[in-house]
Amino acid sequence: MIVVTGATGNIGRPLVAELARLGQDVTAVSRAGTAPIEDPRVRGIGADLADPDSLRAAVDGASDMFLLVPGSGGQLDGERITGVAADAGVRRLVLVSSLGAGTRPESASHGPFGELEKLVRGSGLAWTVLRPGDFASNALAWVPSIRAERTVYAPFGDVALPSVDPLDLAAVAAAVLTEDGHDDRTYELTGPAPVSPRDKTEALAAALGTPLTFVELTREQARTGMLDVMPEPIVDGTLAILGDPTPQERAVSPDVETVLGRPGHTFADWARRHTPAFGA
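A few points on the structure. Because the structure is a prediction, the values reported are computed rather than measured. (Residues numbered from 1 in each chain as written. Predicted model: local features only at pLDDT ≥ 70, side-chain atom pairs only at ≥ 80, totals over all residues. Heavy atoms only, no water.)

**Remarks on the packing of helix α3 (residues 78-87) against helix α5 (residues 111-121)**
Heads up, the condition is: Axis definition: a line fitted to C-alpha atoms, limited for helices to the stretch in contact. Angles are taken between N-to-C directions and run from 0 to 180 degrees. Numbered from the N terminus, helices here are DSSP runs of H or I no shorter than four residues, and strands are runs of E no shorter than two. Any angle that falls under 35 degrees is termed roughly parallel, while one over 145 is termed roughly antiparallel, one within 65 to 115 roughly perpendicular, and all others oblique. The handedness criterion is simple: a crossing whose near helix is rotated anticlockwise from the far helix by less than a right angle is left-handed, and one whose near helix is rotated clockwise is right-handed. Only heavy atoms matter for contacts: two residues are in contact if any of them lie within 4.5 Å across the pair. Each residue is assigned to one class: nonpolar for Ala, Val, Leu, Ile, Met, Phe, Trp, Tyr, Cys and Pro, charged for Asp, Glu, Lys and Arg, and polar for all the others, Gly among them.
Contact geometry of α3 with α5 gives a least axis separation of 9 Å together with a crossing angle of 30°. In this view, α3 runs roughly parallel relative to α5, as classed from their interaxial angle. For α3 against α5, the interelement crossing comes out right-handed. Across the interface between the two elements, Gly78, Glu79 and Thr82 from α3 touch Leu116, Leu119 and Val120 from α5. By residue class, the composition of the contact of α3 with α5 is 3 nonpolar, 2 polar and 1 charged.

Structure, rendered in structure tokens:
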């Protein structure tokens, strides 16, 4: 049995579906305890990573655990989480970390991912760490302005990053959880090409079949809006990556294609799948 935390989100849901398709029994963990899909191989169970003891029923009898933490995981007791998994007989942990754990290990926004990675690597269990970069799905933050004004507001209009499709992250996770050869590996997961906010706006316009206007925000304008939904350290760390990425953060990693045997989805692919969200 494979335990999937964060099972109802945009990574967990396709991961659960793919594991069930592959014939795996899955325990889908979320705070609500609902299964993300209807399938006899999938059971939903309620637990909260903030209370590691609540995971005991979920991991009982499990062989593998997919660990997706909220935020940067800095508020969690990672040692207790990995300890609960080990005590239950889990033999392998697959952690979703962040590319920033490697590129910005001292930052308040991404440093906690690195600390969690150390705990997973030192847990005594087999492990695999997945380090995604920028997510294509971050563009969903533009839904309200696209629906209301057919306009995208974003900073750093021409700074391009290789945004990863969450569907590819889920596919890599499914492969890691069901195939041999991935233990004690760290994979950096990106999209197949860098895309800027202006590029993304053009891709969304093409997918929607309607013109969109791009308005470039200043860093301070963007920061003010982001502080409404994110803690200050996360906002500042995110803006640092979006506005002044390192060469590694700009680079396309081969790891998605290495694991899956195919290139990752482009941002345009992601946009075409998500047109209903933007009011198509």
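Following the structure, the description resumes.
**So, the nonpolar core**
Nonpolar side chains tend to gather and get buried jointly when the protein is soluble and globular. The condition is simple: Put simply, buried Ala, Val, Leu, Ile, Met, Phe, Trp, Tyr and Cys residues joined by side-chain atoms within 4.5 Å make one nonpolar core. Accessible area is worked out with a 1.4 Å probe on protein chains only. A residue is then buried under 20% of its type maximum, exposed over 50%, and partly exposed in between.
Core analysis: the biggest nonpolar cluster contains 29 residues, and Val4, Leu15, Leu19, Phe66, Leu130 and Leu189 have the highest contact counts within it. Mapped by element, the contributors of at least two residues to this core are β1 (2-5), α1 (12-21), β2 (26-30), β4 (64-68), β5 (92-96), α7 (166-178), β8 (185-189) and α12 (255-260). A total of 8 residues in this core trace back to one element, the largest contributor, which is α7. Not counting chain neighbours up to four residues away, the residues in contact with Leu130 comprise Val94, Leu95, Val96, Ser97, Ser98, Leu169, Val172, Ala173, Val176, Tyr187 and Leu189. If you look at the next biggest cluster of nonpolar residues, it comprises 26 residues, including Ala47, Met65, Val69 and Leu95.

**Let's talk about the environment of Thr5**
Quick note on the threshold: Pairs of N or O atoms are called polar contacts if they sit within 3.5 Å, as long as, within protein, a hydrogen donor faces a hydrogen acceptor (for residues adjacent in sequence, only side-chain-to-side-chain pairs).
Locating Thr5 in the fold gives a position in strand β1. Residue classification places Thr5 among the buried positions, given a relative accessible area of 1%. With 151 residues separating them in the primary sequence, Thr5 and Phe156 have C-alpha atoms 33 Å apart. The contacts of Thr5, once residues within four sequence positions are left out, are Val29, Leu49, Met65, Phe66, Leu67 and Leu68. There is a polar contact of 2.9 Å between the side chain of Thr5 and the backbone nitrogen of Leu68.

**Some words on the side chain of Ser30**
Here Ser30 shows up in strand β2. A distance of 3.0 Å separates the side chain of Ser30 from the backbone nitrogen of Gly33, its partner in a polar contact. Not counting residues within four places of it along the chain, the set of residues in contact with Ser30 comprises Thr8, Ile45, Gly46 and Ala47.

**Details of α7**
Definition in use: By this rule the span expected of a helix is its residue count minus one, scaled by 1.5 Å.
Helix length check: α7 (13 residues) gives 18 Å between terminal C-alpha atoms against 18 Å at 1.5 Å per residue, within 8%. Within α7, 10 of the 13 residues are buried, which leaves it mostly tucked inside the rest of the structure. Taken as a whole, α7 has its buried residues at Pro166, Asp168, Leu169, Ala170, Val172, Ala173, Ala174, Ala175, Val176 and Leu177. Two to three positions downstream of the cap, the backbone nitrogen of Leu167 sits 2.9 Å from a side-chain oxygen, assigning the N-cap of α7 to Asp165.

**Some words on helix α8 (residues 197-208)**
Between its first and last C-alpha atoms α8 spans 16 Å; for 12 residues at 1.5 Å apiece the expected length is 16 Å, and the two agree. Buried within α8 are the following residues: Pro197, Lys200, Thr201, Ala203, Leu204, Ala205 and Leu208. Check the buried side of α8 and you find it contacts α6 (143-149), β7 (151-155), β9 (213-217) and α13 (267-273). The first or second residue beyond α8 is Gly209, which carries a positive phi of 70°.

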